[in-house]
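Survey of secondary and tertiary structure
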Amino acid sequence: MDVQFFVNGEERTFGGDQRTPLLDVLRGDFRLTGTKSVCRGGFCGACTVLIDGEPVPSCQRPVGLLEGAEITTIEGMAPVGELNLVQQAFLDHDVVQCGMCFPGMVITLTHFLGSNPMPGRAEIKEALAGNMCRCTGYERIVDAVLSICPTEQAEDQPPVPEVSER
Amino acid sequence: MSRNIPRDTMALPESVDEALDILAASDIETVPIAGATWIMRGPTRYEPIPPRLVALNRIAELREYDFDSDPIHLGAMATHDLIARSLPSGADLRCLALAAHQSANPGIRRLATVGGNLCVVGFAAADLVPALMVLDATVCLALPGRRRLELDLSEFMAFRRKPGRYLTTGVRFARNARISAHVRVPMRDYPVCIVSLSVGMDASGRIADLRLAVGAVEEDGRRWKEFEDEARGSEPDPVAMGELARKLSTTLTPRSAHDAPGWYRVQVLPAMVRRAFAQVRAEMR
Ligand SMILES: Cc1cc2nc3c(=O)[nH]c(=O)nc-3n(C[C@H](O)[C@H](O)[C@H](O)COP(=O)(O)OP(=O)(O)OC[C@H]3O[C@@H](n4cnc5c(N)ncnc54)[C@H](O)[C@@H]3O)c2cc1C
Ligand code: FES
Ligand code: FES
């Protein structure tokens with residue numbers, strides 16, 4: 001049975017095995033390779049996409065469950081040639097290293113800021129609990145996000161580390 | 001993966017009875033899927049995805065939730081995220097709210113269901129199981145032949161190991177006057193030790209009514225009756241309760257797995273019991 005759904009606003013049909021993870025359909029069949037395949041076990045978040053507006057790992061979604069769903073991948077987060085606010089902040093703060101985690105980071109954080117426009121550091125970190133980054137150590141990601149949030153974050157900044165005198 | 005492989009590998013029934021009929025009629029391995037977070041992860045455990053899946057997402061009955069009633073009823077398709085967001089606030093339900101909010105990660109919590117959490121055999125670290133145990137939850141089941149059954153959760157844990165086809169349709173639990181807590185040791189993705197606690201005090205501040213369940217330590221989550229029996233009548237002092245847990249830890253049969261050896265799970269248990277009682281004490285103030 002064919003499965004029909006929308007990817008980045010475009011109607012798509014998939015006629016293969018309904019157990020296939022959405023991740024493989026996006027990358028292998030639709031050539032939307034911005035969605036990354038890393039752990040394939042719901043752990044790392046690199047494959048995160050929006051399904052009906054909710055960020056979820058696409059490696060955990062058998063495509064047969066997605067009839068009629070609206071899927072947004074990293075390719076659909078901003079018009080071609082433009083960046084959304086989160087992407088721009090990552091660029092401005094020179095956050096990206098190897099980049100494998102970033103499509104998922106952008107999707108998770110864009111969704112998060114939609115409902116939490118003034119988050120604190122701890123809230124941002126909690127929102128990223130399902131997005132692993134092996135390169136950056138997260139702090140610069142959080143800095144970049146805070147840079148695009150309206151104020152009221154000042155008291156939530158991390159304390160300046162004390163330098164012990166020996 | 002999508003080339004040269006079979007189509008129609010997923011059935012999409014609209015009712016519980018239709019789903020059970022499909023399961024009964026199948027001549028190949030056919031399993032229900034809810035959030036699919038256990039099934040789709042199979043290949044990482046070297047278990048292939050079963051050849052045929054019966055999706056439960058279109059069955060309205062499994063999506064019926066009544067968070068405001070007493071007892072509370074959760075249809076089997078209630079996700080961890082929905083439970084964490086929708087449970088009424090109250091010290092009695094705090095164990096379940098924390099279990100649902102702390103399990104896995106945000107993306108998985110949006111998918112994983114209470115039905116899947118209860119039904120997955122071979123997953124010892126299900127967070128909702130001990131939390132529902134200390135709430136005295138019952139599990140609602142649909143069986144072949146249009147039969148319905150409601151089992152105490154501890155009975156269900158034994159039932160689910162028996163061969164046979166059934167669907168969990170939901171869980172039910174009553175509000176109570178106890179204070180509850182849920183603590184866990186996360187390790188990469190699954191926790192290696194979980195303690196859920198629900199405790200009621202008498203007029204002198206001693207433990208009168210106690211339920212403590214341990215998850216991730218043994219093959220299945222279970223009420224730790226040995227601990228409950230000894231602790232009843234004591235003061236709910238976190239340090240003393242941690243010590244009691246240490247003394248009684250030989251009554252558990254810990255499992256070793258790739259994420260942690262058995263001895264480690266037992267080693268961290270007293271600290272988890274102490275923290276659970278500290279949560280309760282903080283709530284009492
Ligand atoms: C990276 C990662 C980390 C995780 N960490 C945790 C954690 O810390 N704590 C935690 O509790 N969980 C965790 N899980 C989630 C775990 O997979 C789920 O909690 C749950 O056990 C599966 O729910 P599901 O709806 O996705 O089930 P599915 O994968 O759909 O199904 C699981 C099993 O239950 C059966 N089943 C499902 N629903 C029913 C039903 N209604 N009736 C009969 N049988 C049914 C299926 O046939 C299957 O055998 C994690 C998952 C991932 C991927
Ligand atoms: S590839 Fe899907 S969560 Fe890692
Ligand atoms: S930048 Fe390399 S994993 Fe995040």
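On a predicted model such as this, the values are computed, not experimentally measured, just so you know.

Consecutive residues of a regular strand have side chains that alternate between opposite faces of the sheet. All names here are of chain A. Here strand 3 (residues 48-51) shows two buried faces, one formed by Thr 48 and Leu 50 and the other by Val 49 and Ile 51. The pairing of strand 3 with strand 4 (residues 54-57) spans 4 bridges and is antiparallel. Among the inter-strand pairings, Ile 51 is bridged to a residue of strand 4, identified as Glu 54. Between strand 3 and the antiparallel strand that follows it, strand 4, lie 2 residues; Asp 52 among them carries a positive phi value of about 50°. Where strand 3 and strand 5 (residues 70-72) come together, 2 bridges link them in antiparallel fashion.

This part is about the interface of chain B and chain A. If you look at the interface, chain B gives 34 residues, while chain A gives 33 residues. Counting the surface lost from both chain B and chain A, the interface buries some 2,700 Å², and carbon and sulfur atoms represent 55% of this. Put simply, Glu 54 of chain A and Arg 110 of chain B hold a salt bridge, and the shortest N to O gap is 3.2 Å. Linking chain B to chain A there are 12 residue pairs in polar contact (both at pLDDT 80 or more). Going through the elements one at a time, strand 3 (52-55) and helix 4 (106-109) of chain B are the ones with two or more residues in the side of chain B that touches chain A. Among the elements that line the side of chain B that touches chain A, the one with the most residues is helix 4 of chain B, at 3 residues. Of the residues in the side of chain B that touches chain A, the class split is 17 nonpolar, 9 polar and 8 charged.

What follows is about the site of ligand 1. Pro 32, Thr 37, Thr 113, Asn 117 and Asp 127 of chain B are the nearest of the 38 residues found near ligand 1. Close to ligand 1, residues of chains A and B are found. Within the backbone of Ala 36 of chain B, one N or O atom sits 2.8 Å away from an oxygen atom of ligand 1. In the model, an oxygen atom of ligand 1 is placed 2.6 Å from a nitrogen or oxygen of the Thr 113 of chain B side chain. Residue assignment for the shell around ligand 1 shows that the elements contributing at least two residues are strand 2 (30-33), helix 5 (114-119), strand 8 (167-173) and strand 10 (190-201) of chain B. The dominant element in the shell around ligand 1, judged by the number of residues it contributes, is helix 5 of chain B, at 4 residues. Here the shell around ligand 1 is composed, by residue class, of 22 nonpolar, 12 polar and 4 charged.

A few words now on the domain arrangement of chain B. All names here are of chain B. Structurally, chain B comprises domain 1 (7-55), domain 2 (63-173) and domain 3 (179-284). Here domain 1 and domain 2 have C-alpha centroids that lie 19 Å from each other. Carbon and sulfur atoms make up 69% of the surface buried where domain 1 meets domain 2, a total of about 1,300 Å² over both sides. The largest per-residue losses of area from domain 1 upon contact with domain 2 belong to Leu 20, Thr 37 and Trp 38, which jointly make up 40% of the total buried on that side. Run the count over domain 1 and domain 2 and you get 2 salt bridges. Between Arg 146 and Asp 21 there is a salt bridge, and its shortest N-O distance comes to 3.3 Å. Counting every contact that joins domain 1 to domain 2 gives 4 residue pairs in polar contact (both at pLDDT 80 or more).

Let's shift gears to the packing of helix 2 (residues 85-92) of chain A against helix 3 (residues 102-115) of chain A. All names here are of chain A. At a closest axis distance of 9 Å, the pairing of helix 2 and helix 3 adopts a crossing angle of 125°. When the axes of helix 2 and helix 3 are compared, the pair comes out oblique. Taken as a pair, helix 2 and helix 3 cross one another with a handedness that is right-handed. Only Phe 102, Met 105, Val 106, Leu 109, Thr 110 and Leu 113 of helix 3 make contact with helix 2, whose side of the interface consists of Val 86, Gln 87 and Phe 90. Split by residue class, the contact of helix 2 with helix 3 holds 7 nonpolar, 2 polar and no charged.

Reading the values: rules and limits
Residues numbered from 1 in each chain as written. Chains lettered and ligands numbered in written order. Predicted model: local features only at pLDDT ≥ 70, side-chain atom pairs only at ≥ 80, totals over all residues. Heavy atoms only, no water. Buried < 20%, exposed > 50% of the residue type's maximum accessible area, 1.4 Å probe, protein only. Helix = DSSP H or I, 4+ residues; strand = E, 2+ residues; numbered from the N terminus. Pairing = 2+ DSSP bridges. Contact = heavy atoms within 4.5 Å. Buried area = accessible area lost by both parts, 1.4 Å probe. Salt bridge = Lys/Arg side-chain N within 4 Å of Asp/Glu carboxyl O. Polar contact = N/O pair within 3.5 Å; in protein donor to acceptor, adjacent residues only side chain to side chain. Nonpolar A, V, L, I, M, F, W, Y, C, P; charged D, E, K, R; others polar. Near = heavy atom within 4 Å. Domains from an automatic or database assignment. Axes fitted to C-alpha atoms, helices over the stretch in contact; angles between N-to-C directions. Parallel < 35°, antiparallel > 145°, perpendicular 65-115°, else oblique. Left-handed = near helix turned anticlockwise from the far one by under 90°.

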